[in-house]
Amino acid sequence: RGHGAPQDPVTPSNVQERDMTKTEFTAADDQFHFALMGDDWWATETAWYSFHVPERRLGGWFYSMFRPNIGTVAGGCWIWDDTAHLPWEVPYSANYTALELPAATDLADCTLPNGVAMRVLEPGMRYALGYDDGDRLRCDLTFAGIMPPEPLTGRDSTFGKASHFDQLGRVAGEIVLHGETIPVDCIGMRDRTWGRRPEDRPRQAAYVTAAADEHTGFLAITNVRPEGDRVAYGFLLCDGRAATLVDGERRLERDPATGWVTRIEITGEDADGRALNASGIPVSRIIVNRHTFIDINSLIHWDLNGREAWGEDQDMWPVHRWARTRRAAR
């Protein structure tokens, strides 16, 4: 089990998406959830970490996507700056699609075929992260949560009925990029997801993050609506306390020649009645093409409730919608 296709084809008519939403992250969630996945071809588990070096306009991702029922792992590592945005021109890009997932892989302590290494130092809070591609790129980082993993609560978000957790944390260590050692010390985001994720599922959405320090930050996941981009899920971290966003909006300015975001504003209110007011300017970006959608991911320099902050705006589009929009503009 776990390394072959189901005997019968999985189609929308014979698969009903199960509600796998979980609201508390435990030590067991640092492991795989294969026993919960059933036989669905599209049963999927992910682990993502982000980091950045503001003075270099440099951003980075580790991302791994597992499909236990077909025995594969995808993803890898991306490093970008303000010199390029195409994945084949940025300083580093390795995006694998279907590498074999060894049956004995322990997610709590592993080096994956896509180059990503992860080891739990403290369940749910601290992780050792590595990457090794010889002279091209080596990474030695730690992620230390500044808050517990926050559960998905917005059922109308792009993550649907999956179990999904987001967590801000301090990322520290160094990367060696093409022979140059670059120190890293920032507050980045990680997420963990397990559930059903077909490759034809995407819709237009955004995943927006920022942090000013260990006590101040936010996450906003938005959906596109006729009246504007509305917050479907997120949280505000203020004075060290995180509370769910109950309302909010993402407003954008775009370059008419390219469609890229040139300015972004996020406003909202959390369950404690606290206000979120953030405005940001992209300083670099990378386009990640992930099967039937593109993620135009920008490193953002934010003003967050009057504080300087850094984070990202993932501007996610189904490929065909982006193409239609851009061709119409031309």
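Note: the structure precedes this text.
Scoring rules and cut-offs
- Residues numbered from 1 in each chain as written.
- Predicted model: local features only at pLDDT ≥ 70, side-chain atom pairs only at ≥ 80, totals over all residues.
- Heavy atoms only, no water.
- Helix = DSSP H or I, 4+ residues; strand = E, 2+ residues; numbered from the N terminus.
- Rg over C-alpha atoms; globule rule 2.2 N^0.38 Å.
- Buried < 20%, exposed > 50% of the residue type's maximum accessible area, 1.4 Å probe, protein only.
- Contact = heavy atoms within 4.5 Å.
- Pairing = 2+ DSSP bridges.
- 1 Å grid on protein atoms, 1.4 Å probe; cavity = no way out; pocket = protein on both sides within 12 Å on 5 of 7 lines; lining within 4 Å.
- Points joined across faces, edges and corners; volume = space filled by probe spheres on them.
- Nonpolar A, V, L, I, M, F, W, Y, C, P; charged D, E, K, R; others polar.
- Disulfide = S-S within 2.5 Å.
- Core = buried A, V, L, I, M, F, W, Y, C linked by side-chain atoms within 4.5 Å.
- Salt bridge = Lys/Arg side-chain N within 4 Å of Asp/Glu carboxyl O.

A.B. asks: Tell me what's going on with the overall build of the chain, and back it up with residues and numbers.
C.D. replies: Per the secondary structure count, the chain includes one helix and 19 strands. For a compact globule of 330 residues, the expected C-alpha radius of gyration is about 20 Å, and the chain comes in at 19 Å, within 12% of that figure. Considering only C-alpha atoms, the chain reaches an extent of 55 × 50 × 45 Å along its principal axes. Looking at the 330 residues of the chain, the share that counts as buried comes to 54%. Summarising the internal contacts of the chain: among those between residues at least 6 apart in sequence, 56% fall at separations of at least 24.

A.B. asks: For the pairing of strand 15 (residues 241–254), give the residues involved together with the corresponding values.
C.D. replies: Here strand 14 (residues 228–238) runs beside strand 15; their pairing, made up of six bridges, is antiparallel. Within strand 15, the residue paired with Asp229 across the bridge is Arg250. Between strand 14 and strand 15, which pair antiparallel in sequence order, lie two residues; one of them, Asp239, sits at a positive phi of approximately 55°. Inspection of the sheet shows strand 15 paired to strand 16 (residues 261–270) by nine bridges, in the antiparallel sense. Bridge pairing links Arg254 to Val261 in strand 16. Linking strand 15 to strand 16, which pair antiparallel, is a turn of six residues; within it Gly259 sits at a positive phi near 85°.

A.B. asks: So, empty space enclosed by the protein: which residues are in play, and what are the values?
C.D. replies: Leftover empty space is mapped by rolling, across the atoms, a probe with the size of a water molecule. With the rule as written, the count across this model stands at four cavities of 30 Å³ or more. Volume-wise, the second largest cavity comes out at about 70 Å³. Taken together, the elements giving at least two residues each to the lining of the second largest cavity come down to strand 1 (43–53), strand 6 (116–122) and strand 11 (180–196). Taken together, the residues that form the lining of the second largest cavity break down as six nonpolar, no polar and five charged.

A.B. asks: If you had to explain the state of the cysteines to someone new, which residues and values would you point to?
C.D. replies: Here the structure, examined in full by the defined rule, presents zero disulfides. Note on Cys77: no disulfide assigned, nearest cysteine sulfur contributed by Cys139 at a separation of 4.9 Å. For Cys77, a relative accessible area of 0% corresponds to the buried category.

A.B. asks: Give a description of unusual backbone geometry that names residues and reports values.
C.D. replies: Within the chain, Arg57 stands out as a residue other than glycine whose phi angle is a positive 55°. Tracing the backbone shows Arg57 in the loop between strand 1 and strand 2 (58–67). We classify Arg57 as partly exposed; its relative accessible area is 30%. Non-glycine residue Asn305 carries a positive phi angle of around 50°. For Asn305, the position within the fold is in the loop between strand 18 (293–304) and strand 19 (307–318).

A.B. asks: Got a sec to walk through the nonpolar core? Specific residues and values, please.
C.D. replies: By size, the foremost hydrophobic cluster in this structure holds 37 residues, and its most contacted members are Phe51, Phe62, Ile79, Met118, Tyr131, Leu137 and Ile175. Excluding its chain neighbours within four sequence positions, the residues that come into contact with Ile79 are Phe51, Leu58, Gly59, Gly60, Val90, Pro91, Tyr92, Leu137, Ile175 and Leu177. Met147, Leu219, Phe293 and Leu299 belong to the second largest nonpolar core, which has 30 residues in total.

A.B. asks: Hey, could you go over the pattern of salt bridges for me, with residue numbers and the actual values?
C.D. replies: Applying the stated criterion to the full structure yields 19 salt bridges. For Asp40, the salt bridge goes to Arg196, with nearest N and O atoms at 2.2 Å. Taken together, the positions of Asp40 in the segment before strand 1 and Arg196 in strand 11 put the pair 156 residues apart, joining distant regions of the chain. The class for Asp40 is buried, based on a relative accessible area of 12%. Among the salt bridges present, the one from Asp247 reaches Arg230, with a minimum N-O distance of 2.6 Å. Of the two residues, Asp247 sits in strand 15 while Arg230 sits in strand 14, which places them 17 residues apart along the sequence. Given a relative accessible area of 41%, Asp247 falls into the partly exposed group. Overall, the relative accessible area of 26% leaves Arg230 in the partly exposed class. Salt bridges sharing partners connect three or more residues here, namely Arg230, Asp247, Glu249, Arg251, Arg263 and Glu265.

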